[in-house]
Amino acid sequence: EAQFDEATFEAQLTGERIPLMVCWYWILKLKARYLSGDYVEAMAAAGKAKPLLSALAAQIQLLDYFYYAALTAAACCENALTDKQPGQRELLTAHQEQLREWAENYPPTFAGKYALVSAEIARLEGRDFDAMKLYEQAIQSAHENGFVQDEALALEVAARFCTTHGFETIA
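These numbers were taken from a predicted model, which means no experiment stands behind them. (Residues numbered from 1 in each chain as written. Predicted model: local features only at pLDDT ≥ 70, side-chain atom pairs only at ≥ 80, totals over all residues. Heavy atoms only, no water.)

Participant: Just checking my understanding: could you explain the nonpolar core for this structure?
Facilitator: Among soluble globular proteins, nonpolar side chains are generally buried collectively. With 54 residues, the main nonpolar core has L30, Y34, Y65, Y67, L116, Y135 and L153 as its most contacted residues. For this core, the secondary structure elements donating two or more residues are helix 2 (19–35), helix 3 (39–49), helix 4 (61–76), helix 5 (86–105), helix 6 (107–124), helix 7 (128–144) and helix 8 (148–164). It is helix 4 that provides the largest number of residues to this core, a total of 12 residues. If near-sequence neighbours (up to four positions away) are discounted, Y65 is found in contact with I27, L30, A46, A49, K50, L53 and H95. (Core = buried A, V, L, I, M, F, W, Y, C linked by side-chain atoms within 4.5 Å. Buried < 20%, exposed > 50% of the residue type's maximum accessible area, 1.4 Å probe, protein only. Helix = DSSP H or I, 4+ residues; strand = E, 2+ residues; numbered from the N terminus. Contact = heavy atoms within 4.5 Å.)

Here it is, written out as structure tokens:
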């Protein structure tokens with residue numbers, strides 16, 4: 001029984017391929033690696049997707065790129081943001097700003113995602129109470145608007161935050 005050879009497949013993702021499909025692949029890999037906790041691989045996939053984003057103009061996968069790349073950058077910063085991580089901070093700020101713009105235009109789809117990224121930034125900045133309020137907003141928005149996958153993700157990220165701070169029962 002043949003198995004999928006990821007390296008061989010990715011080696012074939014050249015300029016001769018349809019950029020839209022290649023970009024989709026890297027975004028799906030970004031999501032999969034983030035969700036599995038492999039943040040280094042997720043960030044690498046985000047880097048591969050970034051130069052191809054123009055192929056996505058007005059595609060919903062663009063949202064996934066900004067959302068999961070921001071969450072990955074936040075996850076890669078275990079400690080408070082410092083001058084040692086300027087690239088991560090710039091990426092987080094830029095992606096948060098894009099999500100904010102979309103959230104202002106259509107809150108039902110984007111507000112929860114914006115809140116979760118904002119919660120992660122608050123966490124990294126040591127603003128724990130703000131982070132908790134934003135996690136709650138992300139969870140509520142996702143729930144109210146039927147984004148079950150985003151609700152689950154926000155619950156998971158908030159639980160990780162609570163566990164880190166010794167709130168095992170809440171987590």
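Participant: Where do I start with the packing of aromatic side chains in this structure?
Facilitator: What characterises a pair of aromatic rings is the spacing of the ring centres plus the angle enclosed by the ring planes. Inspection of the entire model under this criterion finds 10 aromatic pairs. Seen in terms of ring centroids, Y135 and F161 are 5.3 Å apart; in terms of plane orientation they differ by 50°. Their pairing is tilted. With Y135 in helix 7 and F161 in helix 8, this pair connects stretches of sequence that are 26 residues apart. Each member of the pair Y135 and F161 is classed as buried. (Phe/Tyr/Trp six-rings, centres within 6.5 Å; stacked < 30°, edge-to-face > 60°.)

Participant: Where do I start with empty space enclosed by the protein in this structure?
Facilitator: Rolled over the atoms, a probe sized like a water molecule indicates the empty space that remains. This structure, assessed with the given rule, holds 1 cavity of 30 Å³ or more. Roughly 30 Å³ of internal volume is contained in the largest cavity. Lining of the largest cavity is provided by P108, T109, G112, K113, A138, S141, A142, F147 and D150. For the lining of the largest cavity, the secondary-structure elements that each account for two or more residues are helix 6 and helix 7. If one sorts the elements of the lining of the largest cavity by residue count, helix 6 sits on top with 4 residues. Considering only residue class, the lining of the largest cavity consists of 4 nonpolar, 3 polar and 2 charged. (1 Å grid on protein atoms, 1.4 Å probe; cavity = no way out; pocket = protein on both sides within 12 Å on 5 of 7 lines; lining within 4 Å. Points joined across faces, edges and corners; volume = space filled by probe spheres on them. Nonpolar A, V, L, I, M, F, W, Y, C, P; charged D, E, K, R; others polar.)

Participant: Would you mind showing me how to read the packing of helix 6 against helix 7 here?
Facilitator: Think of two packed helices as two axes; the pair is described by the angle between the axes and how far apart they sit. The interhelical angle for the contact between helix 6 and helix 7, taken along N-to-C directions, is 160°, at an axis separation of 8 Å. Comparing their axes, helix 7 and helix 6 come out roughly antiparallel. The handedness of the crossing between helix 6 and helix 7 is left-handed. Where helix 6 abuts helix 7, its residues P107, A111, G112, A115, L116, S118, A119, E120, A122 and R123 lie against D130, A131, L134, Y135, Q137, A138 and S141. Across the contact of helix 6 with helix 7, the residue classes break down as 10 nonpolar, 4 polar and 3 charged. (Axes fitted to C-alpha atoms, helices over the stretch in contact; angles between N-to-C directions. Parallel < 35°, antiparallel > 145°, perpendicular 65-115°, else oblique. Left-handed = near helix turned anticlockwise from the far one by under 90°.)

Participant: Teacher, can you tell me more about the packing of helix 3 against helix 4 here?
Facilitator: The interhelical angle for the contact between helix 3 and helix 4, taken along N-to-C directions, is 140°, at an axis separation of 9 Å. Overall, the two elements helix 3 and helix 4 adopt an arrangement that is oblique. Where helix 3 crosses over helix 4, the handedness of that crossing is left-handed. Within the contact between the two elements, helix 3 uses Y39, A42, M43, A46 and A49 and helix 4 uses Y65, A69, T72, A73, A75 and C76.

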